[in-house]
Every structure is written in structure tokens, then in C-alpha cells.
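# Structural description and commentary
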Amino acid sequence: MTRGFTPRALGEVAIRCRDYTAMVDFYENMIGLTVLEDGRRGDAPQRITFFRLGESFGGHTAVLALFEDAKATARTGACSSLHHIALSLPWDEQVIAKEWLEAHDLPARFQDFDWVGWRGLFTRDPDGNTVELVAAAP
């Protein structure tokens, strides 16, 4: 029997957040993602905020979902099994992004990936997860 299917794109990344409010604020205001569904409103037992990442495949919008989970026993940051999340942007905006992050006292460092023609700009979110803003070299 053959497999018969091939995934075409990333649809969603979901992160459990110890500091949900700070995480939503970071991805909305520091990184600049657009909120699709704002879990900060309402009285649901677990708050979830969805951010639009862009078109994925077959009409599905790629999203970043942040789940409120202050009681989570899973570790985030360097102790987590999540290595990092990478978000794409144009090459010309990386320097502006670095200046923006540094102006807000956030870490910001470049790393070149010559083997594939990319440059990553790395920072950390409030829960300590590594966030990469990656661009293809012109």
C-alpha cells in the first residue's frame, strides 16, 4: 500500500503559554501579527488567541494559536522540546525589525544560513521561546 498523500504546507502552530497576556501582547504588538480570534475577550474556561500567518494551502489560513495554560507543567524556552518558531518577512525589513526589537529592550541577533540563502533574526518571546524572523537573500 502506498501512502497516497503529501502535506503541502504548515497550517498551524500552537503554543501553551504560562504568561498568556504577555505572549499575546508580544506577538500582536512587538512582532505585528494580525489577530483572527481574540481570546482575551469573553469568559471561556481556557483563553485562546489565533493570529493570521498568511495563506497556507487549499484555502486554509496558516495560524499561530496561543493557549492560556498558566498551570502547564511543560517547560518553555530552552528547556522545551520546541526549538523555535520561524516567521517569514522580506529581507529589507529585517534591519528595521532588529532596530524595533532592540528599541524595546528585546534581544536581536542575525545568523546567516548560506547553504540555503537565508538570514535569520532571532529574539525571544515572554515565555522564553526563540522566535526567528527569516528572509531569503536577494
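Residues numbered from 1 in each chain as written. Predicted model: local features only at pLDDT ≥ 70, side-chain atom pairs only at ≥ 80, totals over all residues. Heavy atoms only, no water.

Another aspect to go through is helix 2 (residues 91–103). For helix 2, the complete set of buried residues consists of Gln 94, Ala 97, Lys 98 and Leu 101. Taken down its axis, helix 2 places every buried residue within 105° of arc, on the same side. Facing away from the buried surface of helix 2 by more than 90 degrees, the exposed residues are Asp 92, Ile 96, Glu 99 and Ala 103. Taken together, the buried residues of helix 2 touch strand 6 (109–113), strand 7 (118–124) and strand 8 (130–136). Just beyond helix 2, the residue with positive phi is Asp 105, at close to 55°. (Buried < 20%, exposed > 50% of the residue type's maximum accessible area, 1.4 Å probe, protein only. Helix = DSSP H or I, 4+ residues; strand = E, 2+ residues; numbered from the N terminus. Arc of directions from axis to C-beta. Contact = heavy atoms within 4.5 Å.)

The next subject is helix 1 (residues 20–30). Of the positions making up helix 1, those classed as buried are Tyr 20, Met 23, Val 24, Phe 26, Tyr 27 and Met 30. Note on helix 1: the residue one or two positions beyond its end, Gly 32, has a positive phi of about 90°.

Attention shifts here to the sheet that holds strand 5 (residues 85–88). The strand order across the open sheet built from 4 strands is 5-8-7-6, with neighbouring strands paired in mixed fashion. Only two strands of the sheet have a single neighbouring strand rather than two, namely strand 5 and strand 6. Along the sheet, successive strands turn relative to each other by an average axial angle of 30°, direction set aside. One ladder, built from 5 bridges, connects strand 6 with strand 7; its direction is antiparallel. Residue pairing in the sheet places Gln 111 in a bridge with Gly 120 of strand 7. Against the sheet, helix 2 contacts strand 6, strand 7 and strand 8, and its axis sits at roughly 20° relative to strand 7. (Pairing = 2+ DSSP bridges. Axes fitted to C-alpha atoms, helices over the stretch in contact; angles between N-to-C directions.)

This part is about the packing of aromatic side chains. Across all of its chains, the model carries 2 aromatic pairs by this definition. Note on Phe 26 and Tyr 27: the rings are 4.9 Å apart at their centroids and 90° apart in plane angle, and the pair reads as edge-to-face. Consider the rings of Phe 113 and Phe 122, whose centres lie 6.4 Å apart with planes at 65°: the pair is edge-to-face. Judged by its relative accessible area of 9%, Phe 122 is buried. If you follow Arg 119 out to its NZ or CZ, it ends over the ring of Trp 91, 3.8 Å from the centre. Here the basic side chain of Arg 119 rests over the ring of Phe 110, its NZ or CZ set 4.3 Å away from the ring centre. (Phe/Tyr/Trp six-rings, centres within 6.5 Å; stacked < 30°, edge-to-face > 60°. Lys NZ or Arg CZ within 6 Å of the ring centre and 35° of its normal.)

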